[in-house]
Amino acid sequence: MRALNVILYSCIVPLLCACAANPESGSGKCAGRAGNQILVTFDKPGNVNLDEGIRYYPECPDPDVKLDVYYPNDKFKGGKKPYPCILLIHGGGWSMGNEKKFAMMAAYMASKGYVVACISYRLWPEYDWDCALFDAKRALAWLKKNASRYFGDPEKIGVVGGSSGGVMSVQLAATTGTFWSSDFFEGIDDSVQACVAMAAGCDMTNPRRFGKMFGNDHKKAARYSPYTYLNPSMPPVLLLHAKNDPAVTSNESRMMKSALDKLGVKCEAVYYDSNDHAFWNVKPNDPFRLRSWNDAVAFFDKILKKK
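Residues numbered from 1 in each chain as written. Predicted model: local features only at pLDDT ≥ 70, side-chain atom pairs only at ≥ 80, totals over all residues. Heavy atoms only, no water.

Caption draft 1: Seen up close, the pairing of strand β5 (residues 83-89). Most of β5 is tucked away: seven of the seven residues are buried. When β5 meets strand β7 (residues 152-162), the two strands line up parallel, connected through six bridges. The residue bridging C85 from the neighbouring strand is I157, located in β7. (Buried < 20%, exposed > 50% of the residue type's maximum accessible area, 1.4 Å probe, protein only. Helix = DSSP H or I, 4+ residues; strand = E, 2+ residues; numbered from the N terminus. Pairing = 2+ DSSP bridges.)

Following this line, the structure appears as structure tokens:
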């Protein structure tokens, strides 16, 4: 199996340094571009292929905006082509992260019979908030246009993200047919069929975000807030959250579920007995990491793989 290098963002660097050696470099040392980034090596599943470093938005002024595609290969058993697709969006407060951040989760989902596009996008403060969502829309358009290259079904696409990526997942699910789609789709339907949002703080007018992120511009905050675009036509949504999340209170997911329930949108919520914000990505041996991956896959299976 091919060893893959992944950047993880965490405050628990000492816990992961032991598995952060890069066997190809022979250095045996942690690597990263900043103090809260470490290089982690893992083995890609044998039934998964990987196409890396795709410039899904070639005209983007940031050359680091790319995506990786993980997809089942001929060794995959138990599923039928074309495979459903998943757009996977990393978190990091819109200010850090790249397409490698959720690589392990992407590879795992591909091993379960999905074509998974793991994306990066332009980051704040170098770029404005709008750029991140516009880039996610472009990535979705790219996936719809290119799904068949990886034996994927462009009419069955789910979106999943964590933290700020979870907010963007709800945005994609809610903004079908709006100005956010602009001309990226060239007549292609811009909808998604399922959405999983993990630890997503979707109320952008919350005072904790309002001043810092939007310079106390309420109109700008509301323009970016998923709540502005919630509607009864949205696809089914799964909300995953740690009960004792120290960064984004689990009440954020309860508020979102209440809002979606009132609109008649199918919405499920799972609250883990955990104290970690990024339970899906931080601790290699944390049972909630694999459980959250499986909960997301089970949700997508129910919607995207139904006969």
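That shown, we press on.
Caption draft 2: Inspection of the sheet that holds strand β4 (residues 67-72) at higher detail. Reading across the sheet, the eight strands line up as β3-β4-β6-β5-β7-β8-β9-β10 and stay open at both edges, with mixed pairing between neighbours. Whereas interior strands pair on both sides, the edge strands pair on one side only; in this sheet they are β3 (48-54) and β10 (267-272). Each strand of the sheet is rotated relative to its neighbour by a mean of 15°, with strand direction disregarded. Both β3 and β4 contribute to a ladder of five bridges, which runs antiparallel. (Axes fitted to C-alpha atoms, helices over the stretch in contact; angles between N-to-C directions.)

Caption draft 3: Structural view of the nonpolar core. With 61 residues, the main nonpolar core has L87, I89, W94 and Y224 as its most contacted residues. Leaving out residues up to four positions away in the same chain, I89 has contacts with F102, I119, Y121, A136, V159, V160, G161, G162, G165, M168, S169 and L172. If you look at the next biggest cluster of nonpolar residues, it comprises 39 residues, including L50, A107, Y114 and W280. (Core = buried A, V, L, I, M, F, W, Y, C linked by side-chain atoms within 4.5 Å. Contact = heavy atoms within 4.5 Å.)

Caption draft 4: Layout of the pairing of β7. Of all eleven residues making up β7, eight are buried, and the element is well covered by its neighbours. The parallel pair β7 and strand β8 (residues 194-198), bridged by helix α4 (residues 164-174), forms a crossover whose chirality is right-handed. (Right-handed = clockwise from strand over helix to strand, strands pointing away.)

Caption draft 5: Molecular detail of helix α2 (residues 103-111). For α2, the buried fraction is high: nine of the nine residues fall into the buried class. Within the sequence span of α2, burial applies to A103, M104, M105, A106, A107, Y108, M109, A110 and S111. Directly beyond the C-terminal end of α2, a positive phi value near 100° is found at G113.

Caption draft 6: Here's a closer look at the packing of aromatic side chains. This structure, assessed with the given rule, holds 21 aromatic pairs. Centre to centre, the rings of W94 and Y224 are 6.1 Å apart; their planes meet at 70°, and the pair counts as edge-to-face. Highlighted residues: W94 in the loop between β5 and α2 and Y224 in helix α6 (residues 218-224), separated in sequence by 130 residues. As far as burial versus exposure is concerned, W94 and Y224 are alike and both buried. On the numbers, 5.0 Å between centres and 75° between planes, the contact of Y272 with F279 is edge-to-face. For F279, a relative accessible area of 1% puts it in the buried group. Through successive ring pairs, a cluster of aromatic residues spans W94, W124, W129, F134, F179, W180, F214, Y224 and Y229. (Phe/Tyr/Trp six-rings, centres within 6.5 Å; stacked < 30°, edge-to-face > 60°.)

Caption draft 7: Up close: the side chain of S274. Structurally, the position occupied by S274 is in the loop between β10 and α8 (287-304). At 3.1 Å, the side chain of S274 and the backbone nitrogen of D276 are in polar contact. (Polar contact = N/O pair within 3.5 Å; in protein donor to acceptor, adjacent residues only side chain to side chain.)

Caption draft 8: Structural context of the packing of α2 against α8. Their axes nearest at 11 Å, the elements α2 and α8 cross at an angle of 45°. On the basis of their axis angle, the class for α2 and α8 is oblique. Note that α2 runs across α8; the crossing there is right-handed. Across the interface between the two elements, M104, M105, Y108 and M109 of α2 pack against R289, L290, W293, N294, A296, V297 and F300 of α8. Partitioning the contact of α2 with α8 into residue classes produces nine nonpolar, one polar and one charged. (Parallel < 35°, antiparallel > 145°, perpendicular 65-115°, else oblique. Left-handed = near helix turned anticlockwise from the far one by under 90°. Nonpolar A, V, L, I, M, F, W, Y, C, P; charged D, E, K, R; others polar.)

Caption draft 9: Representation of the side chain of R289. Examined against the element boundaries, R289 turns out to sit in helix α8. There is no salt bridge for the buried R289, and the closest opposite charge comes from D286, which lies 7.9 Å off by N-O distance. Beyond its immediate chain neighbours, meaning those up to four positions away, R289 contacts M104, F279, W280, N281, K283 and P284. (Lys, Arg positive; Asp, Glu negative; His and termini not counted. Salt bridge = Lys/Arg side-chain N within 4 Å of Asp/Glu carboxyl O.)

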